[in-house]
Amino acid sequence: MIRKICFKSFIYSFIIISLLGCNASLKVEENKGSIDSKTKDYRVNTIAFYNVENLFDFEDDPITFDDDRTPEGKDHWTEEIYNAKLVNIAKVISEIGTDITGTTPAVVGLCETENRRVLEDLLNQESLVQEDYGIVQFDSPDRRGIDVALLYKKRLFTPTNSKTHTLYIYDNVDNTKRVYTRDQLVVSGMLDGEKIHFIVNHWPSRSGGEERSRYKRNKAAALNRHIVDSLFSQDPYAKVITMGDFNDDPSNESIKKYLGAKKEKEGIQIKELYNPMESMHKKGIGTLAYRDHWNLFDQMIISTELTKDDYSSYRLYKAGIFNKNYLVNPRGRYKDYPFRSFTGGSFTGGYSDHFPVYLLLIKDIN
């Protein structure tokens, strides 16, 4: 299988995809316009994030507000529907990045999952069960009971530390009333022998309007920046990937001002962050649609060390949105929107109201 690839130093180059044991490999033939050419091998791994649109089980949790997602609730969320949703989400995860790597992602961040049980059920689906994924998940204080989580291939990634950071925010009218939302999950570990830190986010929604709710996401961004800076204080050259549904676009002040993500990687300084999704947003590309407008709330933002052109260790090759045809609504009022799994009071047979996003990390095997 051959695909074109573009590096700045190459005039022409081609990828030949192969599997070396448990690792995917890119074989790149460099041709710089001379008679001489050489082949380089790059190990490649996919890091993905997916908002799975309310992946709830079908049993009532007396602690959280999940009554709608039960057989007797208004959504009539039955075991049969739950199992269909699991099959669909597992299929998507199993295919992210495979056109380049030929294998499932090494690491997957998730949001809108109800509990550990739904993650275990997800990983037991036929399309994922053989991949032997591990789970990092903590129950968050979100009033609906939804969490963030990290899935990882045990043979590729070994967690060494994981913790959650609680976001404390209060109503801007009644400042004694706490707004309960998702924690930010930090998982550090060894990816194929290299230390990388992953932060999984699901920032407060735009409920009540973008402007009225903006302060909540700015608070979330400030917390995220604090987490990143704490990692940099231990190692200024730390490889950090902060990913998630930020409920803001790359151009919003939460991302630009409070998190400090840069649009361009050229000239980026030590301990800064680069957002490869911002250029996509400028082109009108998005991961979710609302009132015929595309937003790019789902983003993968990386630290300076991952932007370098030295591929002796893992660096960014490309970022992308996984929006295959089957994930797009084929008809009706919401034609060409993400094919969500639930609308109009019933299960649609679809997937999610968000497209997944991903990064490809590569390093020179030679």
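Everything below is about the structure printed above this text.
Reference entry: report on the structure contained in this document. (Residues numbered from 1 in each chain as written. Predicted model: local features only at pLDDT ≥ 70, side-chain atom pairs only at ≥ 80, totals over all residues. Heavy atoms only, no water.)

Throughout the structure, instances matching the rule amount to 26 salt bridges. Residue Arg155 is joined to Glu131 by a salt bridge in which the shortest nitrogen-to-oxygen separation is 3.3 Å. One end of the pair, Arg155, is in the loop between β7 (147–153) and β8 (157–165); the other, Glu131, is in the loop between α3 (116–123) and β6 (133–137), and 24 residues separate them in sequence. Note that Asp309 is salt-bridged to Lys265, the shortest N-O span being 3.9 Å. (Salt bridge = Lys/Arg side-chain N within 4 Å of Asp/Glu carboxyl O. Helix = DSSP H or I, 4+ residues; strand = E, 2+ residues; numbered from the N terminus.)

Our next topic: the pairing of strand β12 (residues 194–202). Two faces, one strand: in a regular strand the side chains alternate between the faces of the sheet. Counted residue by residue, β12 has eight buried out of nine residues, so it is predominantly covered. Pairing geometry for strand β11 (residues 184–191) and β12, over seven bridges, is antiparallel. Bridge pairing in β12 links Met190 to Lys195. Here β11 folds back onto β12 in antiparallel fashion, the turn holding two residues, of which Asp192 has a positive phi close to 50°. Note that β12 and strand β13 (residues 240–245) share six bridges and pair parallel. Looking at β13, one finds that Ile199 is bridged to Thr242. On the question of chirality, the crossover connecting β12 to the parallel β13 by way of helix α4 (residues 210–234) is right-handed. (Buried < 20%, exposed > 50% of the residue type's maximum accessible area, 1.4 Å probe, protein only. Pairing = 2+ DSSP bridges. Right-handed = clockwise from strand over helix to strand, strands pointing away.)

Spatial relationships are all this shows, so hold off on functional conclusions.
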